[in-house]
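Observations on the model geometry
The primary structure of each chain is shown beneath.
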Amino acid sequence: MTYSLRRERDGAGDSGPASIIYWIDDGKVKHENFARPRVGCVVEVGSLTGRSYAAQDYWRTTKVTEILEETENRIRFKTGNSTYVWEIL
């Protein structure tokens, strides 16, 4: 499966086989692999391992503050300063 994460204002982002969310629970960082964006979580999409000679290996957002639209393969959401589209390609 391939995931895509793009910032709406300029198209910046990444795509790849990894979609990971991170959150803090009881003072510890937790994560879930192959996950959909959720409010209160940071979203990271990109490579599972480092890419050779790539400018970047993944794109990571700040915390998701609001889910704007959601379908089976697409979620549009807001963070503190941007709006993103996450998709399963």
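A brief structural summary. (Residues numbered from 1 in each chain as written. Predicted model: local features only at pLDDT ≥ 70, side-chain atom pairs only at ≥ 80, totals over all residues. Heavy atoms only, no water.)

Some words on the environment of Arg38
Checked against the element boundaries, Arg38 lands in the loop between β4 (28-33) and β5 (42-46). A relative accessible area of 38% means that Arg38 is categorised as partly exposed. Each C-alpha atom, one on Arg38 and one on Trp23, is 9.7 Å from the other, the two residues being 15 residues apart in sequence. In this view, Arg38 contacts Ile21, Trp23, Glu32 and Val64; residues no more than four positions away in its chain are not counted. (Helix = DSSP H or I, 4+ residues; strand = E, 2+ residues; numbered from the N terminus. Buried < 20%, exposed > 50% of the residue type's maximum accessible area, 1.4 Å probe, protein only. Contact = heavy atoms within 4.5 Å.)

Considering the sheet that holds strand β9 (residues 83-88)
In a beta sheet, neighbouring strands are held together by backbone hydrogen bonds and run either parallel or antiparallel to one another. The five strands are arranged β2-β1-β9-β8-β7 in an open sheet whose pairing can be described as antiparallel. Each edge of the open sheet carries a strand with a single partner, namely β2 (13-16) and β7 (64-70). Taken over all neighbouring pairs, the strand axes of this sheet differ in orientation by 20° on average, direction set aside. With four bridges connecting them, strand β1 (residues 3-7) and β2 associate as antiparallel partners. Note that in β2 the partner of Arg6 across the bridge is Gly13. (Pairing = 2+ DSSP bridges. Axes fitted to C-alpha atoms, helices over the stretch in contact; angles between N-to-C directions.)

Regarding the pattern of salt bridges
Counted under the stated rule, the structure contains eight salt bridges. Between Glu70 and Arg36 there is a salt bridge, and its shortest N-O distance comes to 3.3 Å. Taken together, the residues span a long stretch of sequence, with Glu70 in strand β7 and Arg36 in the loop between β4 and β5 at a distance of 34 residues. Among the ionic pairs, Glu44 bridges to Arg60, the shortest N-O distance being 2.5 Å. Taken together, the residues Glu44 in strand β5 and Arg60 in strand β6 (residues 58-60) connect sequence positions 16 residues apart. Judged by its relative accessible area of 43%, Arg60 falls in the partly exposed class. Residues participating in the shared-partner salt-bridge network are Glu8, Glu69, Arg74, Arg76 and Glu87. (Salt bridge = Lys/Arg side-chain N within 4 Å of Asp/Glu carboxyl O.)

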